[in-house]
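Geometric and topological summary
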Amino acid sequence: MTVLFLILLQGCASPDVVPQGPIFQYSNKPVNSGATAYFYQFDMPGVNACLLVGINGKYRGCVGYPGFAKVELQTGKHEVSFAPNSPIKIANLKFDFEFISGKEYFFKYQPTKLKSSTDVEIETQYNMILGQSYGWYLIDKSHALTELSNLRAWHKAI
(Lines give C-alpha, C1' and ligand atoms only; values in the text may rest on other atoms or scores of the structure.)
Protein backbone atom coordinates (compact mmCIF):
# COMPACT_ATOMS: atom_id res chain seq x y z
CA MET A 1 0.00 0.00 0.00
CA THR A 2 2.83 2.40 0.82
CA VAL A 3 4.48 1.72 -2.53
CA LEU A 4 1.23 2.49 -4.37
CA PHE A 5 0.90 5.77 -2.48
CA LEU A 6 4.48 6.77 -3.38
CA ILE A 7 3.86 5.97 -7.04
CA LEU A 8 0.79 8.20 -6.99
CA LEU A 9 2.80 11.02 -5.41
CA GLN A 10 5.42 10.73 -8.14
CA GLY A 11 2.85 11.61 -10.79
CA CYS A 12 2.41 8.21 -12.33
CA ALA A 13 -1.36 8.33 -11.95
CA SER A 14 -2.04 11.92 -12.96
CA PRO A 15 -5.34 12.57 -14.74
CA ASP A 16 -3.46 14.75 -17.26
CA VAL A 17 -2.61 11.94 -19.64
CA VAL A 18 -2.18 13.67 -22.99
CA PRO A 19 -0.08 16.74 -23.83
CA GLN A 20 -2.48 19.39 -25.10
CA GLY A 21 -0.04 22.09 -26.16
CA PRO A 22 0.97 22.98 -29.70
CA ILE A 23 2.26 20.38 -32.14
CA PHE A 24 6.00 20.64 -32.76
CA GLN A 25 6.98 23.17 -35.40
CA TYR A 26 10.60 23.67 -36.29
CA SER A 27 12.07 27.05 -37.01
CA ASN A 28 15.76 27.27 -37.74
CA LYS A 29 16.25 30.59 -35.95
CA PRO A 30 19.44 30.61 -33.88
CA VAL A 31 19.22 31.97 -30.34
CA ASN A 32 21.29 35.10 -29.76
CA SER A 33 24.45 34.03 -27.91
CA GLY A 34 22.82 30.80 -26.77
CA ALA A 35 21.81 27.28 -27.69
CA THR A 36 18.50 25.48 -28.18
CA ALA A 37 17.79 22.07 -26.67
CA TYR A 38 14.80 19.90 -27.49
CA PHE A 39 13.92 17.10 -25.06
CA TYR A 40 11.41 14.48 -26.18
CA GLN A 41 10.08 11.05 -25.40
CA PHE A 42 7.36 8.61 -26.33
CA ASP A 43 5.00 6.55 -24.16
CA MET A 44 6.23 5.00 -20.95
CA PRO A 45 4.04 2.27 -19.45
CA GLY A 46 2.10 3.46 -16.39
CA VAL A 47 3.24 7.09 -16.50
CA ASN A 48 0.78 9.84 -17.30
CA ALA A 49 2.32 13.06 -15.95
CA CYS A 50 4.92 15.23 -17.59
CA LEU A 51 8.63 15.12 -16.78
CA LEU A 52 10.09 18.44 -15.59
CA VAL A 53 13.29 19.57 -17.30
CA GLY A 54 15.58 21.38 -14.86
CA ILE A 55 18.52 23.54 -15.86
CA ASN A 56 20.89 24.29 -12.98
CA GLY A 57 18.12 23.51 -10.50
CA LYS A 58 15.39 25.66 -12.13
CA TYR A 59 12.51 24.02 -14.03
CA ARG A 60 12.39 25.25 -17.62
CA GLY A 61 10.00 22.89 -19.36
CA CYS A 62 7.85 19.80 -19.05
CA VAL A 63 7.97 16.81 -21.40
CA GLY A 64 4.73 14.82 -21.76
CA TYR A 65 4.42 11.08 -22.38
CA PRO A 66 4.68 11.38 -25.37
CA GLY A 67 5.78 14.95 -25.93
CA PHE A 68 8.58 17.48 -26.15
CA ALA A 69 9.97 20.59 -24.48
CA LYS A 70 12.10 23.29 -26.08
CA VAL A 71 14.60 25.05 -23.82
CA GLU A 72 16.77 28.06 -24.67
CA LEU A 73 20.14 28.03 -22.89
CA GLN A 74 23.13 30.26 -22.45
CA THR A 75 26.44 28.94 -23.73
CA GLY A 76 28.39 26.88 -21.22
CA LYS A 77 28.18 23.82 -19.03
CA HIS A 78 24.80 23.25 -17.37
CA GLU A 79 23.37 20.61 -15.09
CA VAL A 80 20.30 19.12 -16.79
CA SER A 81 17.95 17.21 -14.50
CA PHE A 82 14.58 15.50 -14.79
CA ALA A 83 11.89 15.07 -12.13
CA PRO A 84 8.27 13.94 -12.21
CA ASN A 85 5.79 16.81 -12.07
CA SER A 86 4.35 15.73 -8.73
CA PRO A 87 4.12 17.01 -5.16
CA ILE A 88 7.46 15.35 -4.40
CA LYS A 89 9.95 16.48 -7.05
CA ILE A 90 12.98 14.25 -6.84
CA ALA A 91 15.36 14.35 -9.81
CA ASN A 92 15.59 10.78 -11.03
CA LEU A 93 18.20 11.35 -13.73
CA LYS A 94 20.63 14.17 -14.39
CA PHE A 95 23.76 15.00 -16.36
CA ASP A 96 26.14 17.86 -17.08
CA PHE A 97 26.36 19.05 -20.67
CA GLU A 98 28.38 21.72 -22.49
CA PHE A 99 26.13 23.81 -24.76
CA ILE A 100 27.67 25.85 -27.59
CA SER A 101 26.29 29.15 -28.88
CA GLY A 102 24.17 28.87 -32.04
CA LYS A 103 23.86 25.07 -31.85
CA GLU A 104 20.75 22.92 -31.54
CA TYR A 105 20.60 19.76 -29.49
CA PHE A 106 18.01 17.00 -29.70
CA PHE A 107 17.78 14.73 -26.65
CA LYS A 108 15.53 11.66 -26.62
CA TYR A 109 14.56 9.55 -23.62
CA GLN A 110 14.28 5.93 -24.68
CA PRO A 111 15.00 2.32 -23.71
CA THR A 112 18.66 1.56 -24.33
CA LYS A 113 17.68 -1.44 -26.49
CA LEU A 114 15.98 0.93 -28.99
CA LYS A 115 18.92 3.25 -29.60
CA SER A 116 20.27 3.50 -33.12
CA SER A 117 23.93 3.32 -34.10
CA THR A 118 24.05 7.14 -34.43
CA ASP A 119 22.50 7.91 -31.02
CA VAL A 120 25.04 9.23 -28.52
CA GLU A 121 24.43 8.00 -24.97
CA ILE A 122 24.37 10.87 -22.48
CA GLU A 123 23.08 9.19 -19.31
CA THR A 124 21.21 5.94 -18.63
CA GLN A 125 19.87 4.07 -15.64
CA TYR A 126 18.17 0.78 -14.91
CA ASN A 127 14.42 1.00 -14.19
CA MET A 128 13.60 -1.77 -11.72
CA ILE A 129 9.83 -1.48 -12.21
CA LEU A 130 10.04 -1.89 -15.99
CA GLY A 131 12.99 -4.29 -15.92
CA GLN A 132 15.15 -2.48 -18.47
CA SER A 133 17.51 0.46 -18.86
CA TYR A 134 16.36 3.86 -20.11
CA GLY A 135 18.42 6.90 -20.91
CA TRP A 136 18.88 10.25 -22.57
CA TYR A 137 20.52 10.16 -25.99
CA LEU A 138 21.73 12.91 -28.29
CA ILE A 139 19.92 12.26 -31.58
CA ASP A 140 20.83 13.20 -35.14
CA LYS A 141 18.92 16.35 -36.15
CA SER A 142 17.23 14.96 -39.28
CA HIS A 143 16.08 11.84 -37.43
CA ALA A 144 14.89 13.90 -34.45
CA LEU A 145 12.91 16.32 -36.62
CA THR A 146 11.05 13.38 -38.18
CA GLU A 147 10.23 11.91 -34.76
CA LEU A 148 9.25 15.27 -33.27
CA SER A 149 6.87 16.14 -36.12
CA ASN A 150 3.82 14.56 -34.44
CA LEU A 151 4.61 15.33 -30.80
CA ARG A 152 2.95 18.03 -28.67
CA ALA A 153 4.23 20.33 -25.97
CA TRP A 154 2.74 19.94 -22.53
CA HIS A 155 -0.30 22.19 -21.96
CA LYS A 156 1.07 23.73 -18.76
CA ALA A 157 4.63 24.42 -19.83
CA ILE A 158 6.82 26.10 -17.25
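Provided above is the structure to which this section pertains.
Residues numbered from 1 in each chain as written. Predicted model: local features only at pLDDT ≥ 70, side-chain atom pairs only at ≥ 80, totals over all residues. Heavy atoms only, no water.

The next subject is the state of the cysteines. Using the criterion set out here, one finds 1 disulfide in the structure. In this model, Cys50 is linked to Cys62 through a disulfide, with the two sulfur atoms separated by 1.8 Å. Across the S-S bond of Cys50 and Cys62 the torsion is about 75°, and the bridge reads as right-handed. Taken together, the residues Cys50 in the loop between strand 1 (34-41) and strand 2 (51-55) and Cys62 in strand 3 (residues 58-63) connect sequence positions 12 residues apart. Per residue, the accessibility class of Cys50 equals that of Cys62, and both read buried. (Disulfide = S-S within 2.5 Å. Helix = DSSP H or I, 4+ residues; strand = E, 2+ residues; numbered from the N terminus. Buried < 20%, exposed > 50% of the residue type's maximum accessible area, 1.4 Å probe, protein only.)

Inspection of every chain in the model, using the stated rule, returns 4 salt bridges. In this structure, Lys70 engages Glu72 in a salt bridge whose closest nitrogen and oxygen atoms are separated by 3.7 Å. By relative accessible area, which is 39% here, Lys70 ends up partly exposed. Lys108 is paired through a salt bridge with Glu147; the nearest N and O atoms lie 2.8 Å apart. (Salt bridge = Lys/Arg side-chain N within 4 Å of Asp/Glu carboxyl O.)

So, about unusual backbone geometry. The bulk of non-glycine residues show a negative phi, and the bulk of peptide bonds are trans. Going from Tyr65 to Pro66, the amide bond is cis rather than trans, its omega being 0°. Tracing the chain through its elements places Pro66 in the loop between strand 3 and strand 4 (67-74).

In this section: the packing of aromatic side chains. Under the definition given, this model contains 19 aromatic pairs. Ring centres of Phe24 and Tyr38 lie 5.6 Å apart, and the angle between their planes is 75°; this geometry places the pair in the edge-to-face category. Here the residue Phe24 occupies a position in the loop between helix 1 (2-9) and strand 1, and Tyr38 occupies one in strand 1, the gap between them amounting to 14 residues. Exposure class is identical for Phe24 and Tyr38. Each is buried. Between Phe24 and Phe68 the ring centres are 5.3 Å apart and the planes differ by 90°, which places this aromatic pair in the edge-to-face class. Of this pair, Phe24 sits in the loop between helix 1 and strand 1 while Phe68 sits in strand 4, and the two are 44 residues apart along the sequence. Taken together, Phe39, Phe82, Phe95, Phe97, Phe99, Tyr105, Phe107, Tyr109, Tyr134 and Trp136 form an aromatic cluster joined through their ring pairs. (Phe/Tyr/Trp six-rings, centres within 6.5 Å; stacked < 30°, edge-to-face > 60°.)

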